[in-house]
Amino acid sequence: LLMSHIATATKVVSRMVAKAGLLNVLGKTGDTNVQGEQVTKLDIIANDMLQAMLDDLPMVAATASEEDESFVLTSAGAMTGRYLIAFDPLDGSSNIDANVSIGTIFSVRRRATVGTVVKEEDFLGPGSELVAAGYAVYGSSTMFVYTTGQGVDGFTLDPGVGEFVLSRPNMTLPDTCCCFSINQTNRNRWSAGTRAYVDHVLARATPRYAKTTGRYIGSLVADFHRNLIYGGIFLYPSDSASPGGKLRLLFEAQPLAMLIEQAGGSATDGRRRILDIVPEGLHARAPLVIGNTEDVACYGELVAAHG
Ligand code: AHG
Ligand code: MN
Ligand code: MN
């Protein structure tokens, strides 16, 4: 029931994204969010939609969103609900106005005690404790991809009937580094280890990188989805502008790390497994290196050697 509510919310967001240009909801609201970033109108619409869909579910105690400073208790399950949902309502929002793929990312955790008032700390467990994670990607078709810890399944929205149809059962990463995804304009801000790895790939230093090609959309969810299908590595490392990384642990790194491990890959911050990191706050960030295990390990070795 919970998954079906989240999936329904993403169907509505998918419609809003598709109609955005017609409804005059493109562009920015003029506000900044808790991260200090400009908020787009669709960010708010997607946020409100997800919150509304989860608000009347008795099994959900509270939700936390990238767009809100603190978590929100639900009407139906604040005391009795067993689950806490974290989401990035619209990922890749800088791409909205250009009609480029964007998405929604979510995770589900079970809270330790039921019948008490939810505290922020209840959300701050390691990703290894998640019971489910997934995303919707609003691309040339809308897909819903999720795991409950028993593999990853992908569903494509059939717009004719408005239902998600199982199109990619048991998604597993192909063992090839097809796609190499990093924002290379940050090069001068990277550590020596990150530069060493990028140079290793660009030099095609090993046969593994002979046919690797650069792909970077700037919507994490779309970059992740493509790499999951073709194989490869996505990196948003720490750099001198974002020493703790840019991407958010709760709303982005944890759910995608659970998915990649379920698909046979790995996710680290360069040194530690993402799913082992305990977030320090709802909006904590982390460097993210995610994809095929062999490539994530190669990055880790060069960071260990060069810093
Ligand atoms: P969001 O739109 O939710 O704020 O996330 C944006 C993120 C992520 O989607 C993407 O991978 C990254 O920002 C791109 O950052 P750069 O523009 O710095 O490459
Ligand atoms: Mn995001
Ligand atoms: Mn977002």
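The structure contained in this document is the topic of the report that follows. Along each chain, residue indices are assigned from 1 in the same order as the chain's sequence is written. Chain labels run from A onward and ligand labels from 1 onward, assigned in the order the entries are written. Only residues with pLDDT of at least 70 are given local features in this predicted model, and only at 80 or more are side-chain atom pairs given and counted; all residues enter the totals for whole chains, interfaces and linings. Just so you know, side-chain values use all the structure's heavy atoms and leave hydrogens and water out.

### Observations concerning the sheet that holds strand S15 (residues 288-291)
With respect to topology, five strands assemble into an open sheet ordered S12-S11-S13-S15-S14, the strand pairing being mixed. What marks the edges here is a single partner per strand, and that holds for strand S12 (213-214) and strand S14 (266-268). Only strands that DSSP links by at least two bridges are regarded as paired with each other. Helix numbers and strand numbers start at the N terminus; a helix is a DSSP run of H or I with at least 4 residues, a strand a run of E with at least 2. Of the strand pairs in this sheet, S14 and S15 are connected by three bridges, and their pairing is antiparallel. Pairing of Ala 267 across the sheet is with Ile 290, part of S15. Whether two residues touch is decided by their heavy atoms; if any such pair falls within 4.5 Å, the residues are in contact. Every axis corresponds to a line fitted to the C-alpha atoms, with the helix fit spanning only the stretch in contact, and the corresponding angles, defined between N-to-C directions, vary from 0 to 180 degrees. Those strands touched by helix H3 (residues 192-202) are strand S11 (179-181) and strand S13 (232-236), and its axis lies near 150° from that of S11. Those strands touched by helix H5 (residues 249-262) are S14 and S15, and its axis lies near 25° from that of S15.

### Topic: the coordination of the manganese ion (ligand 3)
Each metal's donors comprise the N, O and S atoms found within 2.8 Å of it (within 3.2 Å for Na, K or Ca). Water is not part of the atom list, so some coordination spheres may appear incomplete. The protein atoms that coordinate the manganese ion (ligand 3) are Glu 66 (OE), Asp 88 (OD) and Leu 90 (O), at distances spanning 2.2 to 2.3 Å. Mapping the donors of the manganese ion (ligand 3) onto the primary sequence gives the spacing E-x21-D-x1-L. The manganese ion (ligand 2) is placed at 3.7 Å from the manganese ion (ligand 3), the two being bridged by Asp 88. Taken as a pair, Glu 66 in the loop between strand S3 (60-65) and strand S4 (72-73) and Asp 88 in strand S5 (residues 83-91) lie far apart in primary sequence, 22 residues in all. Residue classification places Glu 66 among the buried positions, given a relative accessible area of 5%. Accessibility here uses a 1.4 Å probe with only protein chains present; expressed as a share of the type maximum, an area under 20% marks a residue as buried, one over 50% as exposed, and anything in between as partly exposed.

### So, the coordination of the manganese ion (ligand 2)
Donor atoms from the polypeptide that coordinate the manganese ion (ligand 2) comprise Asp 88 (OD), Asp 91 (OD) and Glu 252 (OE), at 1.8 to 2.1 Å from the metal. Expressed as a motif, the donor residue spacing for the manganese ion (ligand 2) is D-x2-D-x160-E. For Glu 252, a relative accessible area of 1% puts it in the buried group.

### Thoughts on the side chain of Ser 266
Along the polypeptide, Ser 266 turns up in strand S14. A distance of 2.8 Å separates the side chain of Ser 266 from the side chain of Thr 293, its partner in a polar contact. Pairs of N or O atoms within 3.5 Å make up the polar contacts considered here, provided that, within protein, one atom can donate a hydrogen while the other can accept it, and that residues adjacent in sequence are counted only when both atoms are side-chain atoms.

### Digging into the site of ligand 1
Summary of the distance rule: residues count as near a molecule or strand when at least one heavy atom falls within 4 Å of that molecule or strand. Inspection of the region around ligand 1 gives 17 residues, with Asp 91, Gly 92, Asn 183, Tyr 216 and Tyr 236 positioned closest. One of the side-chain nitrogen or oxygen atoms of Lys 246 is found 2.9 Å away from an oxygen atom of ligand 1. Only the protein chains shown count as cover for residues, and all accessible areas are computed by the Shrake-Rupley method using a 1.4 Å probe. For ligand 1, whose unbound accessible area comes to 470 Å², protein coverage reaches 84%. Looking at the shell around ligand 1 element by element, the count peaks at three residues for S5. For the shell around ligand 1, the class distribution of residues is six nonpolar, five polar and six charged. Each residue is assigned to one class: nonpolar for Ala, Val, Leu, Ile, Met, Phe, Trp, Tyr, Cys and Pro, charged for Asp, Glu, Lys and Arg, and polar for all the others, Gly among them.

Don't take any of this as a statement about function, it's just geometry.
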